[in-house]
Amino acid sequence: MELQKSLRTIILAELLVPLTLFIFGAYHGVLQGMYQAGVIRATKFAGIDYYEGLTAHGVINAIVLTTFFAVAFGYTVVSQELKSKVSIPGASISLVLMLGGSVMAAVMIFMGKATVLYTFYPPLMAHPLFYLGLALFIVGSWIPMWTWIPVYLRWRKENPGRKTPLGVVGIFASFIVWQMATLPVAFEVLVQLLPWSLGWTSGVNVMLTRTLFWFFGHPLVYFWLLPTYVLYYTMLPRLAGGKLFSDFAGRFTFMSLILLSCPLGLHHQFADPGITTTNKGIQTVLTLFVVIPSLLTAFTVAASLELGARNRGGGGLFGWWKKLPYFESKNWLFPYLFCGLVIFLFGGITGIVNASYSLNNVIHNTAWIPAHFHLTVGGPVFLGILGASLFIITGLLKKPVVSTTMAMVVPYLWMVGTFIFSSGLFLNGLRGAPRRTNMGMTYLNPASPSYRPDWWLGAHMGMIGGCIMGLACILYFMVLIRS
Ligand code: HAS
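Figured I'd write up the structure that's included with this text. (Residues numbered from 1 in each chain as written. Predicted model: local features only at pLDDT ≥ 70, side-chain atom pairs only at ≥ 80, totals over all residues. Heavy atoms only, no water.)

**What about the overall build of the protein chain?**
What the protein chain contains, in helices and strands, is 16 helices and two strands. Over its C-alpha trace the protein chain gives a radius of gyration of 22 Å, about what one expects of a compact globule, namely 23 Å for 483 residues. Counting across all 483 residues of the protein chain, residues that qualify as buried make up 59%. In the protein chain, 80% of the contacts between residues at least 6 apart in sequence involve partners at least 24 apart. Only carbon and sulfur atoms are counted for the fraction: they give 72% of the accessible area of the protein chain, which is about 19,200 Å². Averaging the coordinates of the 29 positive side-chain charges in the protein chain and doing the same for the 12 negative ones gives two points 6 Å apart. (Helix = DSSP H or I, 4+ residues; strand = E, 2+ residues; numbered from the N terminus. Rg over C-alpha atoms; globule rule 2.2 N^0.38 Å. Buried < 20%, exposed > 50% of the residue type's maximum accessible area, 1.4 Å probe, protein only. Contact = heavy atoms within 4.5 Å. Areas by Shrake-Rupley, 256 points an atom, 1.4 Å probe, with all protein chains shown as cover. Lys, Arg positive; Asp, Glu negative; His and termini not counted. Charge placed at Lys NZ, Arg CZ, Asp CG, Glu CD.)

As structure tokens, then:
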């Protein structure tokens, strides 16, 4: 990988720092499973309270890791594909702001002064430094796209008539979505939550803050997803031994996600008062529209896999599936992307259930929701981050990946873990088990009057799946550190 020397250092920091923080994020994930199953029956473990751990798990995994990865991946794609130099001062300022912001927020969480979960809904209030940290982090993540624009315009001038590389279209789409999504949450944090936590205002409009958060919260999921879609459209077909079935489908998917990904947040607020039924109905329809680019992706990626498999000698109506490089250790990146796709089939279908206004009443705020998002952000997105980070880090350091077999086992183990975990949580969600609840203290404690023996199976499946996911992470770090 040929990149500017200082950019290489910046990208390495953007990948390695959040991956290091992620060790805490993953640890608290495994602990969550144990609290849920009643294996831990206490309000805290090893000095960290249940809700502190849950906040660390959500903020580190869903916000810090994903955003740092998107920035690092964006820099890699833009400078590689356009073969151009990017602004190093811009990249450095962005890194400093994002690092400073994450450290500030993480310190507040681990000091127990920001136990507000990753959605930071009022009336839960955090220390002002937590909100300031978030604001710095967001502002830092805005800088890269604005510095890529002149690079792209220069490339455009020097390459008249050439199509913009597909990966670059995907990266710009991702950051346009991010820019749109983060404006309302920046307003929420800077104008409402920060003055309130400093004691300058006596209260906030709770419904407005929730609506501003979800205006951000839904496009956010496509910001998480788009870098992985870039991998699916640009790398996966080659790893499968073929080529992309339709370049147009890729461009259409990226562009339509900009148009369709917001405003959609009200589908997270179907149960909230203060929003009319008509608006909720309209957002159901709009949410179902945003499924279209993903269905198009499912078709295009499957067709690209088929092209690859047929090139490798596969034949028949379904026989070609056998020829894909599922277990070729030199092609260790393939399973990261492939397992992500398989997981996403289930994450996507359950998203369609969530989006239906009437069905949502059954599963809202139950264990069903974390089951859904561990098959989306915890499936394709997370495996894309792990695979691409290992690929980029070893590429920049010019080191081979050692233990390619172990590297290849990670996504399969993760997939098995997420399926067991999510099946348990779906089951419990349908039986009414709440999310974000320390169940070991109550529902999973036989000594408690609220004991629910019918939730035992689902909660234990969740814990076993979580432990398998934890094991996959340990193997991944063994490969990464040794490489
Ligand atoms: Fe979601 C809640 C609806 C996609 C993440 N979602 C969440 C939350 C998160 C999240 C984190 O409408 C919880 C937030 C919280 O803390 O409260 N979601 C959807 C819909 C989609 C969707 C309609 N979600 C995502 C993605 C996420 C994500 C992507 C992260 C990256 N979600 C909702 C709703 C809620 C919600 C409601 C609120 C619920 C509530 O009550 O709180 C769609 O975009 C999904 C479309 C996707 C597909 C799948 C396409 C399949 C593909 C794979 C093809 C496979 C191949 C391989 C080719 C239709 C591309 C085949 C191989 C074989 C061997 C078979």
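Right, picking up where we left off after that structure.
**Regarding the coordination of the iron atom of the ligand**
A lone protein donor contacts the iron atom of the ligand, and this donor is His-372 (NE2), found at 2.2 Å. One can find His-372 in helix α13 (residues 368–374). (Donors = N, O, S within 2.8 Å, 3.2 Å for Na, K, Ca; no water.)

**Some points on helix α10 (residues 291–311)**
Here α10 contains 21 residues, and its C-alpha end-to-end distance of 30 Å stays within 8% of the 30 Å for a straight helix at 1.5 Å per residue. Taken together, the buried positions of α10 are occupied by Val-291, Pro-293, Ser-294, Thr-297, Thr-300, Val-301, Ala-303, Ser-304, Leu-305, Gly-308 and Ala-309. Looking at the packing, one finds that the buried side of α10 touches α6 (206–234), α7 (236–239), α8 (247–260), α9 (277–289) and α11 (333–355). At the C-terminal side of α10, Gly-313 shows a positive phi close to 100°. (Expected span 1.5 Å × (residues − 1).)

**Quick word on the packing of helix α15 (residues 404–430) against helix α16 (residues 456–482)**
Running from amino to carboxyl end, α15 crosses α16 at an angle of 160°, the nearest separation of the two axes being 7 Å. Classed by the angle they form, the pair α15 and α16 counts as roughly antiparallel. Seen along the crossing, α15 lies across α16 with a hand that is left-handed. Looking at the contact of α15 with α16 residue by residue, the classes come out as 22 nonpolar, nine polar and no charged. (Axes fitted to C-alpha atoms, helices over the stretch in contact; angles between N-to-C directions. Parallel < 35°, antiparallel > 145°, perpendicular 65-115°, else oblique. Left-handed = near helix turned anticlockwise from the far one by under 90°. Nonpolar A, V, L, I, M, F, W, Y, C, P; charged D, E, K, R; others polar.)

**So, the nonpolar core**
Formed by 150 residues in total, the largest nonpolar core has its most connected members in Phe-130 and Leu-305. Not counting residues within four places of it along the chain, the set of residues in contact with Phe-130 comprises Ala-105, Met-108, Ile-109, Ala-114, Val-116 and Phe-120. Leu-31, Tyr-50, Leu-54 and Leu-117 belong to the second-largest nonpolar core, a separate cluster that totals six residues. (Core = buried A, V, L, I, M, F, W, Y, C linked by side-chain atoms within 4.5 Å.)

**What about the environment of Val-169?**
Within the element layout of this structure, Val-169 appears in helix α5 (residues 166–197). Along the chain, Val-169 and Ile-48 lie 121 residues apart, while their C-alpha atoms are 43 Å from each other.

**Looking at the side chain of Thr-66**
Among the structural elements, Thr-66 can be located in helix α2 (residues 50–81). A polar contact is formed between the side chain of Thr-66 and the backbone oxygen of Ile-63, at a distance of 3.1 Å. Contacts of Thr-66, omitting those with residues within four sequence positions, involve Asn-61, Trp-224, Val-377, Val-381 and Ile-385. (Polar contact = N/O pair within 3.5 Å; in protein donor to acceptor, adjacent residues only side chain to side chain.)

**Re the side chain of Ser-94**
Structurally, the position occupied by Ser-94 is in helix α3 (residues 88–110). When sequence neighbours within four positions are dropped, the list of residues in contact with Ser-94 reads Gly-140, Ile-143 and Pro-144.

**Considerations on the packing of α2 against α3**
For the pair α2 and α3, interaxial distance at closest approach is 10 Å and the crossing angle is 175°. By the angle between their directions, the pair α2 and α3 is classed as roughly antiparallel. When α2 is examined against α3, the residues Glu-52, Thr-55, Ala-56, Val-59, Ile-60, Val-64, Thr-67, Phe-68, Val-71 and Tyr-75 are found in contact with a partner set consisting of Gly-90, Ala-91, Leu-95, Met-98, Leu-99, Ser-102, Ile-109 and Phe-110. Split into classes, the residues belonging to the contact of α2 with α3 amount to 13 nonpolar, four polar and one charged.

**Examining the packing of aromatic side chains**
Aromatic rings considered in pairs are described by the distance between their centres and by the relative angle of their planes. According to the stated counting rule, one finds 40 aromatic pairs in the structure shown. Relative to Phe-172, the ring of Trp-148 has its centre 6.4 Å away and its plane inclined at 85°; by these criteria the two rings are edge-to-face. Of this pair, Trp-148 sits in helix α4 (residues 128–158) while Phe-172 sits in helix α5, and the two are 24 residues apart along the sequence. Here Trp-148 and Phe-172 have matching classes, each one buried. Both rings, one in Phe-270 and one in Tyr-357, keep their centres 5.0 Å apart while their planes meet at 35°; by these two values the pair is tilted. Here the residue Phe-270 occupies a position in the loop between α8 and α9, and Tyr-357 occupies one in helix α12 (residues 357–363), the gap between them amounting to 87 residues. A residue is classified by how much of its surface remains accessible, and Tyr-357, at 25% relative accessible area, is partly exposed. Positioned over the ring face of Tyr-121 is Arg-210, at 4.2 Å from the centre of the ring. (Phe/Tyr/Trp six-rings, centres within 6.5 Å; stacked < 30°, edge-to-face > 60°. Lys NZ or Arg CZ within 6 Å of the ring centre and 35° of its normal.)

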